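# Examination of the molecular architecture
Listed below, chain by chain, are the residues.
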Amino acid sequence: MLKIKNLLTEHPLIVNFRWSPTQSWGSTWSFIFTAIPAYVAAATILHVFLILVRRRRPVPLGLIPAIHSLAMSLISFLIFVGMLLSAAAEIRETRWLWHRNKITPFQWFLCFPLGTRPSGRVFFWSYIFYLSRFLHLFRTFIVILRRRRLTFFHLFNRSSLLFMSFLWLEFSQSFQVLAIIFTTLVHSIVYGYRFWTAIGLPGARFPFVMNCQVALLGFNLVCHVGVLLLHFTKGGCNGIGAWVCNSVFNGAILFRFWKFYMEVQLKKKMDAVLEGSVSSKNSSFRSDSNRGFPIGQGKNN
C-alpha cells in the first residue's frame, strides 16, 4: 500500500509536473479549438451517414462498449485515488504556509490563493483528468452507432467538459481539486454500472446513471456558491475568470439535466395514473360481471 501511495504522489513525473506548451500534450489554445470542432464534425458526419444509408438496426459493436466502460471506470478510479492522495500530500507539506496566511484545508479545496501556478501533484492529476476526457468522447460514437441518436445537448455536454478541464489547467482555477475528486468518483461508479449492464447483468429499476449525474451537478452548484463567498471574503481566488465560464457551463448543463429529470418523473407519474385508471376499470368490470342476475330470474320476475 505504501509503494502504491508513493507511486501516485512521489514519482518525479508527478512532483515535477508543469503545465506548459513545451512539456504537456494538448496544452495550447490552437489545439483545444481544433479538437472540439473536429469532434463535433466527426460525430455529426457519422450521424448523417447512418441516416443517409437508412440503417435501422444498431451497428453490432461486440464488446467495445463494455471495454470502453471498464476502461473509463478504472481510469476514473485511478485519478480519484491519485488526486485524493496528492491533495493530502500538498496539505501536509504546505500547512505551515497556510497557518501564516490563515488558510484552512477546506478553503484551499475551494479557493486557490492568488498566484497559484499549474505545477505539482494535483495539477498532474488534473492533466490526466483532461486527457481522460478524450477517451470519454468515444462514448458519443458508441451511442450513435447503437442508437442512431445525436442531440445538441450531448455534443455540448461532452465539449464543455473537455473545454472546462483545459481551463482548469490553463488558469489554475480554484475548486478543481474537489471537482475532479467527486467527478471521477461518480464516473467510476457510473461506468462500472454501464460495464455491469453491458456484459448482460441486470440493471437497476430506477434511472441510476441520471440520478448520479444530477447529484454531481447539484454538488458542483453548492461548491460554486462556496467559491463565490470565499472570493469576496478572503481577498480573491485564483482563476476566477475561468471559474465564471465554468459556472455558466455547469448552470446550463444542470438546467438541462433537471428539465429532463422532471420530464422523466412526470412521465412515470402519468403512466402510474393511467395504469391505475385501467386497473380500476378492469376491477369494476369484473365486479359488475360477478353481480350478474341469477339463473331463472330477471327484472320482470
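Notes on the structure follow. (Residues numbered from 1 in each chain as written. Predicted model: local features only at pLDDT ≥ 70, side-chain atom pairs only at ≥ 80, totals over all residues. Heavy atoms only, no water.)

Let us look at the overall build of the protein. Of the regular secondary structure elements, the protein holds ten helices and zero strands. Starting at the N terminus and ending at the C terminus, the protein contains elements arranged as α-α-α-α-α-α-α-α-α-α. Here the protein holds 301 residues, and the buried ones make up 41% of them. Within the protein, contacts between residues at least 6 apart in sequence are counted, and of these 81% link residues at least 24 apart. As displayed, the protein offers around 17,800 Å² of accessible surface, 68% of which is attributable to carbon and sulfur atoms. (Helix = DSSP H or I, 4+ residues; strand = E, 2+ residues; numbered from the N terminus. Buried < 20%, exposed > 50% of the residue type's maximum accessible area, 1.4 Å probe, protein only. Contact = heavy atoms within 4.5 Å. Areas by Shrake-Rupley, 256 points an atom, 1.4 Å probe, with all protein chains shown as cover.)

The next point concerns helix H3 (residues 29-52). In this model H3 runs 35 Å from its N-terminal to its C-terminal C-alpha over 24 residues, within 8% of the 34 Å that 1.5 Å per residue would give. For H3, the complete set of buried residues consists of Ile32, Ala35, Ile36, Tyr39, Ala43, His47 and Leu50. Of the surrounding secondary structure, the elements contacted by the buried residues of H3 are helix H6 (121-147) and helix H7 (152-170). After H3 finishes, the residue arginine 54 shows a positive phi value of roughly 55 degrees. (Expected span 1.5 Å × (residues − 1).)

So, on to the nonpolar core. Core analysis: the biggest nonpolar cluster contains 56 residues, and Trp108, Phe109, Tyr130 and Val177 have the highest contact counts within it. Secondary structure elements with two or more residues in this core: H3, helix H4 (64-101), helix H5 (105-110), H6, H7, helix H8 (176-198), helix H9 (208-233) and helix H10 (240-290). Broken down by element, this core gets its largest block of residues, twelve residues, from H6. Counting residues in each nonpolar core, the second largest holds eight residues, with Met210, Val214, Ile253 and Phe257 among its members. (Core = buried A, V, L, I, M, F, W, Y, C linked by side-chain atoms within 4.5 Å.)

Right, let's talk about the packing of aromatic side chains for a bit. One pass over the full model with this rule turns up 29 aromatic pairs. One cation-aromatic arrangement involves arginine 133 over phenylalanine 129; the distance from NZ or CZ to the ring centre is 4.3 Å. (Phe/Tyr/Trp six-rings, centres within 6.5 Å; stacked < 30°, edge-to-face > 60°. Lys NZ or Arg CZ within 6 Å of the ring centre and 35° of its normal.)

Summed over the entire model, instances satisfying the criterion amount to one disulfide. The partner cysteine of cysteine 111 in its disulfide is cysteine 237, sulfur to sulfur 1.9 Å. Between cysteine 111 and cysteine 237 the sulfur-sulfur dihedral comes to about -115 degrees; the bridge is accordingly left-handed. With cysteine 111 in the loop between H5 and H6 and cysteine 237 in the loop between H9 and H10, this residue pair connects regions lying 126 residues apart in the sequence. In this structure, cysteine 111 and cysteine 237 share a single accessibility class: buried. (Disulfide = S-S within 2.5 Å.)

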